[in-house]
Amino acid sequence: MEPLYVGTPLRLADLEDVALRGRPVAFDAAARVKVLASRAAIDAICVAGDAAPNVYGVNTGFGALAETRISAADVRQLQKNLVRSHSTGIGPDLPIAAVRGMMLLRAQVLALGHSGVRPVLVELLVDMLNKGVHPRIPSQGSVGASGDLAPLAHLALAMIGEGEASVEASVRAGAELGTSYRPVHLSGGDALRMAGIAPVALEAKEGLALINGTDGMLGQLVMALDDLGRLLSTADLSAAMSVEALLGTDAVFAADLSALRPQSGQQVSAANLRRLLAGSPIVQSHSGPECTRVQDAYSLRCAPQVHGAARDTADHAALIAGRELASAVDNPVVTLDGRVESNGNFHGAPVAYVLDFLAIVIADVASM
């Protein structure tokens, strides 16, 4: 496959190619220029020293310590400590595909040129993806209100040569590295050395830029949408088979009846059912006047309404995911005119809400 260039527009299918199919990744040259420009704004604050104003996460502490000035001598230690202190995830490890999706998305955000990091951070993530160095990331610990702080901290921990990571002979994360695959983990430093990659020493703002995002939940949302698309097609097929098995009718799926309730997802599911049942000898065997049944059960009649609502929810989730793929999710950010501004774009609500809705949808469709 052709390389995917981070820093250029990213589609849902691109993430799946990298996370599931091992598509190679590269750093777009024009994006590199933007990254250098945004780093210049951070460097200017550092060079100004005591003359510079307080800038969150650059020369101050975090959270309740946002007003506490940090000396230039302590900046590197502060960024390292931030990553260490947030590496507190628990639970089973994320599958390799989810880890790769998270790595790609954080590289993409940094490459947009609003995070104020050096290009070396993007290059490191790209090298890790291409050489199959996958940090060990626990599946529980996302804060939501502050994004995926803990999962991303475990990712950043491997980048500085700490924590744990695996090195795969193949970077394909599909059948070989799916959910049943159990990687062998080394220390983060050993994994990087085995792949011929040097760890990074974090400078001002860079630890914060690595953990302040929604990349864990977004990556899993994109891959869940791919799975849900197959589930919904299977659900329509199962409904059609159920109509035949229970000697039901396909008359309720007629286009003119569906048009009376113009929900787009319902129209798609009803059309699928009409197509699947067209010419069915089983349905035709009891479609004459000798059939005295007044109506079929809810589970047959209402299949397009339930499956259609699920499709509409998935479409909305895909819309939100597409917007998020184009977003600079970080705080503070460097604007195009060189200002370094605090903001609330790190909040996970846009992605978290649709993930919650999708969980309900999948449970509902699976119960039909």
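My aim in this report is to walk through the structure given alongside it, one point at a time. (Residues numbered from 1 in each chain as written. Predicted model: local features only at pLDDT ≥ 70, side-chain atom pairs only at ≥ 80, totals over all residues. Heavy atoms only, no water.)

## Observations concerning helix α3 (residues 75-86)
Right, so step 1: Here α3 spans 17 Å end to end across 12 residues, near enough to the 16 Å set by a 1.5 Å rise per residue.
Right, so step 2: Buried residues of α3: Val75, Leu78, Gln79, Leu82 and Val83, and no others. Seen from one end, α3 has its buried residues packed into an arc of 135°, which puts them on one side.
Right, so step 3: On its buried face, α3 sits against α6 (149-159) and α8 (206-211). (Helix = DSSP H or I, 4+ residues; strand = E, 2+ residues; numbered from the N terminus. Expected span 1.5 Å × (residues − 1). Buried < 20%, exposed > 50% of the residue type's maximum accessible area, 1.4 Å probe, protein only. Arc of directions from axis to C-beta. Contact = heavy atoms within 4.5 Å.)

## Examining the nonpolar core
Right, so step 1: Counting 86 residues, the largest nonpolar core has Val6, Leu104, Met128 and Leu221 as its most contacted members.
Right, so step 2: No other element matches the 10 residues that helix α4 (residues 96-111) contributes to this core. (Core = buried A, V, L, I, M, F, W, Y, C linked by side-chain atoms within 4.5 Å.)

## Here we look at the sheet that holds strand β6 (residues 164-167)
Right, so step 1: One open sheet holds the three strands; their spatial order is β4-β6-β7, and the pairing between them is antiparallel. Two strands bound the open sheet, and with one partner strand each, they are β4 (133-135) and β7 (186-187).
Right, so step 2: In terms of strand pairing, β6 meets β7 through two bridges, oriented antiparallel. Bridge pairing in β7 links Glu164 to Ser187.
Right, so step 3: Lying over the sheet, α4 contacts β4 and β6, oriented at roughly 95° with respect to β4. (Pairing = 2+ DSSP bridges. Axes fitted to C-alpha atoms, helices over the stretch in contact; angles between N-to-C directions.)

## Details of helix α11 (residues 264-277)
Right, so step 1: In this model, α11 (14 residues) spans 20 Å end to end at C-alpha, consistent with the 20 Å of a helix rising 1.5 Å per residue.
Right, so step 2: Along α11, the residues that are buried comprise Gly265, Gln266, Ser269, Ala270, Asn272, Leu273 and Leu277. In a view along the axis of α11, the buried residues occupy a sector of 155°, so they form one face of it.
Right, so step 3: Where the residues of α11 are buried, they touch α9 (215-245), α10 (255-258), α12 (281-284) and α14 (303-325).

## Quick look at the pattern of salt bridges
Right, so step 1: This model, assessed by the stated rule, comprises 20 salt bridges.
Right, so step 2: A salt bridge links Glu123 to Arg32; the shortest N-O distance between them is 2.3 Å. Pair noted here: Glu123 is in helix α5 (residues 119-130) and Arg32 is in helix α2 (residues 29-48), with a separation of 91 residues, a long-range link.
Right, so step 3: A relative accessible area of 29% means that Glu123 is categorised as partly exposed.
Right, so step 4: Given a relative accessible area of 29%, Arg32 falls into the partly exposed group.
Right, so step 5: One continuous salt-bridge network, built from bridges that share partners, spans Arg11, Asp14, Asp17, Arg21 and Arg23. (Salt bridge = Lys/Arg side-chain N within 4 Å of Asp/Glu carboxyl O.)

## Things to note about unusual backbone geometry
Right, so step 1: The peptide bond linking Asn331 to Pro332 adopts the cis configuration, its omega dihedral lying at -10°.
Right, so step 2: Mapped onto the secondary structure, Pro332 falls in the loop between α14 and β8 (333-334).
Right, so step 3: Its identity as a non-glycine residue notwithstanding, Lys205 has a phi of 80°, on the positive side.
Right, so step 4: One can find Lys205 in the loop between α7 (188-194) and α8.
Right, so step 5: A positive phi is found at Leu247, a non-glycine position, where the angle reads about 55°.
Right, so step 6: In this structure, Leu247 sits in the loop between α9 and α10.

## Comments concerning the pairing of β6
Right, so step 1: Two elements, β4 and β6, share three bridges in a ladder whose sense is antiparallel. Across the sheet, the residue bridging to Pro135 is Ala165, located in β6.

## Some points on the packing of aromatic side chains
Right, so step 1: Evaluation of the coordinates by the stated rule reveals one aromatic pair.
Right, so step 2: Ring geometry for Tyr56 versus Phe62: centroids 6.1 Å apart, planes at 85°, classification edge-to-face. (Phe/Tyr/Trp six-rings, centres within 6.5 Å; stacked < 30°, edge-to-face > 60°.)

## Let's talk about the packing of α9 against α14
In a pair of packed helices, the angle between the axes and the distance between the axes together describe the arrangement.
Right, so step 1: For the pair α9 and α14, interaxial distance at closest approach is 10 Å and the crossing angle is 160°. Looking at the two axes, α9 sits roughly antiparallel to α14. Handedness of the α9/α14 crossing: left-handed. Of the residues in α14, those in contact with Leu218, Leu221, Val222, Leu225, Leu228, Leu232, Ser233, Ala235, Asp236 and Ala239 of α9 are Ala303, His307, Ala310, Arg311, Ala314, Ala317, Ala318, Ala321, Glu324 and Leu325.
Right, so step 2: Here the residues of the contact of α9 with α14 are counted per class, giving 15 nonpolar, two polar and three charged. (Parallel < 35°, antiparallel > 145°, perpendicular 65-115°, else oblique. Left-handed = near helix turned anticlockwise from the far one by under 90°. Nonpolar A, V, L, I, M, F, W, Y, C, P; charged D, E, K, R; others polar.)

## Focus on a nonpolar patch on the surface
Right, so step 1: Residues Leu237, Met241 and Leu276 make up a contiguous nonpolar surface patch of about 260 Å² in total accessible area.
Right, so step 2: Along the chain, Leu276 falls in helix α11. (Patch = residues over 30% accessible without salt bridge, like charges linked within 9 Å, V, L, I, M, F, W, Y side chains within 5 Å. Areas by Shrake-Rupley, 256 points an atom, 1.4 Å probe, with all protein chains shown as cover.)

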